[in-house]
Amino acid sequence: MSPGRIAAVVLGALVLQATLLSRFSYEGARPDVMILLAVVAGYLAGPERGAIVGFAAGMSLDVLLSTPMGLSALVYTVVGYGTGTVTAGAVRNSRWIPVVVAAVGSGLAMILYALAGTVLGEPTLDGPSLVAIVVYVAAVNAVLAPLAVKALGWAITPDRERHRPFVLR
Amino acid sequence: MLVLDLPGTGPLDPVRNVVAAAFRPVRAVGNAVFEPLSNGWKGAFGYGDLEDENARLRGELDERDGLEAEVERLERDNAELRKLQNLEVADERTKAAKVVSGPITSFEQTLEIDAGTSGGVRRGMAVVTGGGILGRVSDAKGSSATVELLTSPSVRIGISTKSGDIGLAQGQGRGRPLLITLDRDVRLSEGDFVYTAGIDRTAIPGDVSVGKISKVTEAADGAPRVIEVEPTADLGSRYVRVVLREAPR
């Protein structure tokens, strides 16, 4: 895993989230590409790396939010780790699996975020309908999943691994 | 870190401010580039909302015609009362600002405006639109400030009714009406307007429109009385004014 490449992917996603994706609101819900990074990293590289990428994505997003600093980092770390653990034995020979993992993982992450925020006294359950948020974020992240797989594949897999024949990996 | 940054403490604010300031030019460029896309999206998926808004505004215009005479009478009464009390009330100074960014995620209830401490904006100041109060400044940096919307549950504003009774308005979340608590069992009807009280120790001035009563449920069988108010300010406004009045010390 290259820290520089991970930083580049996280920063790129953050710019995309803050300037473009946050504008596409539907029934008050907005896309969340940062959680997609945590989910896909967990799926591609396992629980530990999923947690690291989740922490980096959450912390960088926290800097721009008005919610308590560390809330997103905590939730995204748990989600990255959880995705890596749950999908550890999953079959990886279909291009649809990451799409499904991204949708389900992102949806569950939104529920976890809302509950964690409520525990900390944040009005996370008082905004748009949680159902709308879960469905919208899951749908958008399912569409963006192949792109995230490519970007994080580039950042996580070392060059020598990528150039080695698949059977030798 | 979470414990350190729980609301009201804010020791991590300097870190946030530095990183957010470094990121601001990137956001500004992104906003300029992607604004047309955003407008297209709003046009495609916000048409129903626009129709509702249009109908609501037509209704309000009709009501305002009738209200004009009432306002004129109240202004005359007000002027006489002020003379009687020998009060000198100056107009509040305001600072115009543009909303540069809306919420970044689904769980945020704040806006960012392009006026900050360099323009005299301070934490706690009221932010208004032509329709009434929009919210209050929750954080101010050099050239920008974060505005917490009136509908946020953490925003509580002192209000007064047309009969002069004082109460408290609290948000219940985006897209939901405000909830009013009054000290006394005051007679109120749907359609009545409520205004900021301006008497508590905050920076929020008095007599700014807060909203119109949309529902009054009388107390019964142990259930408390429920009074709901729809904000008169357009929460999607692109231009706002910050009232440059600091809380009395």
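In what follows, the accompanying structure is described. Along every chain, residues carry numbers that run from 1 in the direction the sequence is written. Both sets of labels track the order of writing: A upward for chains, 1 upward for ligands. Local features in this predicted model are restricted to residues whose pLDDT is 70 or higher, and side-chain atom pairs enter the listing and the counts only when it is 80 or higher, whereas totals over whole chains, interfaces and linings include all residues.

## Topic: helix α3 (residues 47-64) of chain A
Then step 1. An ideal rise of 1.5 Å per residue puts 26 Å on 18 residues; α3 of chain A measures up with 26 Å between its terminal C-alpha atoms.
Then step 2. Neighbour density around each residue's C-beta defines its exposure: 20 or more other C-beta atoms within 10 Å make it buried, 12 or fewer make it exposed, and counts between make it partly exposed, where C-beta atoms are placed from the backbone. Here a helix means four or more residues in a row that DSSP labels H or I, a strand means two or more in a row labelled E, and each is numbered from the N terminus. Where burial is concerned, most of α3 of chain A is hidden: 13 out of the 18 residues are buried. Helix span is expected to be 1.5 Å times the residue number reduced by one.

## Quick look at the interface of chain A and chain B
Then step 1. Remark: residues whose backbone-derived C-beta atoms lie within 7 Å of one another are considered to be in contact. Between chain A and chain B, the residue contacts involve 33 residues of the former and 37 residues of the latter.
Then step 2. Elements that contribute at least two residues to the side of chain A that touches chain B include exactly α1 (3-19), α3, α4 (71-86) and α5 (96-119) of chain A.
Then step 3. Of all the elements, α1 of chain A adds the most residues to the side of chain A that touches chain B, at four residues.
Then step 4. Nonpolar residues are Ala, Val, Leu, Ile, Met, Phe, Trp, Tyr, Cys and Pro. Charged residues are Asp, Glu, Lys and Arg, and all others, Gly as well, are polar. Taken together, the residues of the side of chain A that touches chain B break down into 19 nonpolar, ten polar and four charged.

## With respect to the nonpolar core
Then step 1. Nonpolar core, as used here: buried Ala, Val, Leu, Ile, Met, Phe, Trp, Tyr and Cys residues forming one set through C-beta atoms within 7 Å. Leu36, Leu37, Val39, Val40, Ala57 and Leu152 of chain A are the most contacted members of the largest nonpolar core, which has 61 residues in total.
Then step 2. For this core, the secondary-structure elements that each account for two or more residues are α1, α2 (33-45), α3, α4, α5 and α6 (130-156) of chain A.
Then step 3. At 15 residues, the largest contribution of residues to this core is made by α6 of chain A.
Then step 4. The residues contacting Leu152 of chain A, other than those within four sequence positions of it, are Val9, Leu37, Val40, Ala41 and Leu44 of chain A.
Then step 5. In terms of nonpolar packing, the next biggest core, distinct from the first, is built from 36 residues, Ala97, Val194, Val240 and Val242 of chain B among them.

## Comments concerning the pairing of strand β2 (residues 110-113) of chain B
Residues and elements named next belong to chain B.
Then step 1. Burial along β2 is two-sided: the face carrying Thr110 and Glu112 and the face carrying Leu111 and Ile113 are both buried.
Then step 2. When DSSP finds two or more bridges between a pair of strands, those strands are recorded as paired. Of the pairings in the sheet, the one linking strand β1 (residues 94-101) to β2 comprises two bridges and is antiparallel in character. Residue Val99 lies in a different strand from β2, and its bridge partner there is Ile113.
Then step 3. Where β2 meets strand β5 (residues 145-149), four bridges bridge the pair, whose relative direction is antiparallel. If you follow Thr110 over to β5, its bridge partner there is Glu148.

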